[in-house]
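Coordinates in review
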Amino acid sequence: MQVDHITGLTLAVVAMVLYGVYMVPRKKSRISQSSYTFWMGLGALLCAGLLGLVFRGIVLVTHFQLALMLISGVVWATGTHAYCRGVQLIGLARSTPIKNTSAMLGTIFGILILHEFSFHKVFPLVLVMLGSAAIVVSATILGLVEANGDGDLKITSSRAIPYGIACSVWAAISYSVYTIPMKILFGQGVGPSTFLFYMSVGCFVGMSLTALVTRPRKDSIPVTWRDRNLAMLSGAMWAVGSMGANIAVKLIGVAITWPLTKTTLVAVLYGVLVLREIDVARHKRTLTNGLVLSLIGVALLAWATAVH
């Protein structure tokens, strides 16, 4: 396996870890979702700006390139809001499996649109498809464990189910579709840190507008600097994870990077080992099946990278 492939896989795993825990600070914050969204967007922007300075990514780009990166950030922000809305409407156990199909969508985009794998080389193509499918199924299984207790959700409107499904579908699409302009711009010489910085500007704009539209009329919980710092920490962890994912996309492609970074394995393990909020004895078989499938998926994707 080439050094670039090893580096790409390593950074994808780092991104997987950070994507799995960047919303943990939300559990310790009491502020409204709209307030948290705003401060999280600011944290992402500040961290992306710092990374841009360190990696010299804050550079002049064309108007077309700027527009694509800003739109990518806004699209991601709408997906995040849609996922939160989907969870509210149909529950975590129903919404998460739909959102998790973003892993497979990334693979499909990488194969069919970005031509990262050739249909003339069947073996690596089969490996990446099987690996992606294993991770999607694993994420769905582990997502059900993470959503323990969600079955008591009461759906009060007949419109809630289709609307919640639509929101979850958009989250899956938005979390994958921006990889297309990302890869196109990489081909034009735009670096991963440059893409992250300008995308984070779009994220901040999108999340600020979302926070403005969805803010409660009267928020009885005061926003303290502790709450702001927790939200900005979430944004900063997302930015660092995205930096790793962006570089991985450049090195090993979207088709492999996206399923690796979209598994819920880390979030569930954190809930088991650190927060101890999941009953291991009750969910032992489900946890085992999800873990094994995740490991199989990662191994198949690594194999696909090696033989590609």
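Model, not experiment: these values are computed from the prediction. (Residues numbered from 1 in each chain as written. Predicted model: local features only at pLDDT ≥ 70, side-chain atom pairs only at ≥ 80, totals over all residues. Heavy atoms only, no water.)

Scanning the protein chain from N- to C-terminus turns up 13 helices and zero strands. In the protein chain, the order of α-helices and β-strands from amino to carboxyl end is α-α-α-α-α-α-α-α-α-α-α-α-α. In terms of C-alpha radius of gyration, the protein chain reaches 19 Å, essentially the compact-globule figure of 19 Å for 308 residues. Principal-axis analysis of the C-alpha atoms gives the protein chain an extent of 60 × 50 × 35 Å. Counting only residues that meet the buried cut, the protein chain has 53% of its 308 residues in that class. (Helix = DSSP H or I, 4+ residues; strand = E, 2+ residues; numbered from the N terminus. Rg over C-alpha atoms; globule rule 2.2 N^0.38 Å. Buried < 20%, exposed > 50% of the residue type's maximum accessible area, 1.4 Å probe, protein only.)

Here we come to helix α2 (residues 33-54). Taking 1.5 Å of rise per residue, the 22 residues of α2 would be expected to cover 32 Å, and the 31 Å separating its terminal C-alpha atoms lies within 8% of that figure. Of the residues flanking the end of α2, it is Arg-56, one or two places downstream, whose phi is positive at about 55 degrees. (Expected span 1.5 Å × (residues − 1).)

Before going further, it helps to examine the packing of aromatic side chains. Counted under the stated rule, the structure contains 10 aromatic pairs. Each ring, one from Tyr-19 and one from Tyr-22, has its centre 6.3 Å from the other, and the planes form 70 degrees; the classification is edge-to-face. The exposure classification of Tyr-19 matches that of Tyr-22, with both residues buried. By way of ring pairs, the aromatic residues Phe-38, Trp-39, Phe-204 and Trp-225 are connected into one cluster. The residue whose ring lies beneath Lys-250 is Phe-186, and the NZ or CZ to ring-centre distance is 5.8 Å. (Phe/Tyr/Trp six-rings, centres within 6.5 Å; stacked < 30°, edge-to-face > 60°. Lys NZ or Arg CZ within 6 Å of the ring centre and 35° of its normal.)

For the coordinates displayed, the defined rule picks out one salt bridge. In this structure, Glu-116 engages Lys-183 in a salt bridge whose closest nitrogen and oxygen atoms are separated by 2.6 Å. Residue Glu-116 is found in the loop between α5 (102-113) and α6 (122-146), and its partner Lys-183 is found in helix α8 (residues 179-187); the two are separated by 67 residues along the sequence. Assessed through its relative accessible area of 12%, Glu-116 is described here as buried. (Salt bridge = Lys/Arg side-chain N within 4 Å of Asp/Glu carboxyl O.)

Inspection of the secondary structure assignment puts Gly-52 in helix α2. A sequence separation of 140 residues divides Gly-52 from Pro-192, and the C-alpha atoms of the two residues are 9.2 Å apart. Excluding residues within four positions of it along the chain, Gly-52 makes contact with Gly-57, Ile-58 and Ser-193. (Contact = heavy atoms within 4.5 Å.)

Attention now moves to the packing of helix α10 (residues 225-252) against helix α11 (residues 254-261). For any two helices packed against each other, one specifies the inter-axial angle together with the distance between the axes. Contact pair α10 / α11: the axes reach a minimum separation of 7 Å and the direction vectors enclose 145 degrees. Along its contact with α10, which presents Ala-245, Ala-248, Val-249 and Ile-252, the element α11 presents Val-254, Ile-256, Thr-257, Trp-258 and Thr-261. (Axes fitted to C-alpha atoms, helices over the stretch in contact; angles between N-to-C directions.)

On to the nonpolar core. Counting residues in each nonpolar core, the largest one holds 49 residues, and the members touching the most others are Trp-76, Phe-195 and Trp-238. The greatest single-element share of this core, amounting to nine residues, is contributed by α2. Residue contacts for Phe-195: discarding those within four places in its chain leaves Met-69, Ser-72, Tyr-178, Pro-181, Met-182, Leu-185, Phe-186, Val-190 and Asn-246. The next biggest cluster of nonpolar side chains, apart from the first, holds 16 residues, and it includes Ala-12, Phe-117, Ile-135 and Ile-252. (Core = buried A, V, L, I, M, F, W, Y, C linked by side-chain atoms within 4.5 Å.)

Mapped onto the elements of the fold, Thr-288 is located in helix α13 (residues 284-307). Each C-alpha atom, one on Thr-288 and one on Ile-141, is 9.9 Å from the other, the two residues being 147 residues apart in sequence. Polar contacts involving the side chain of Thr-288 include one to the main-chain carbonyl oxygen of Lys-284, which spans 2.8 Å. (Polar contact = N/O pair within 3.5 Å; in protein donor to acceptor, adjacent residues only side chain to side chain.)

Here we take up the environment of Thr-264. Tracing the backbone through its elements, the reader meets Thr-264 in the loop between α11 and α12 (265-273). Separated by 55 residues in the primary sequence, Thr-264 and Leu-209 have C-alpha atoms spaced 28 Å apart.

With that settled, the discussion passes to a nonpolar patch on the surface. Together, Val-74, Val-205, Leu-209, Leu-212 and Val-213 make up an exposed nonpolar region whose accessible area comes to about 450 Å². For the nonpolar patch, the element with the most residues is helix α9 (residues 192-214), which contributes four residues. Within the secondary structure, Leu-212 sits in helix α9. (Patch = residues over 30% accessible without salt bridge, like charges linked within 9 Å, V, L, I, M, F, W, Y side chains within 5 Å. Areas by Shrake-Rupley, 256 points an atom, 1.4 Å probe, with all protein chains shown as cover.)

Another aspect to go through is unusual backbone geometry. Negative phi is the rule for most residues except glycine; trans is the rule for most peptide bonds. Of note, Arg-56 is a non-glycine position whose phi angle comes to about 55 degrees, a positive value. Following the sequence through the fold, Arg-56 ends up in the loop between α2 and α3 (63-90). Here Arg-56 falls in the exposed class, since its relative accessible area comes to 74%. The backbone of His-115 sits at a positive phi, close to 55 degrees, despite the residue not being glycine. As for its placement among the helices and strands, His-115 is situated in the loop between α5 and α6.

Keep in mind that these numbers describe shape and distance, not what the molecule does.
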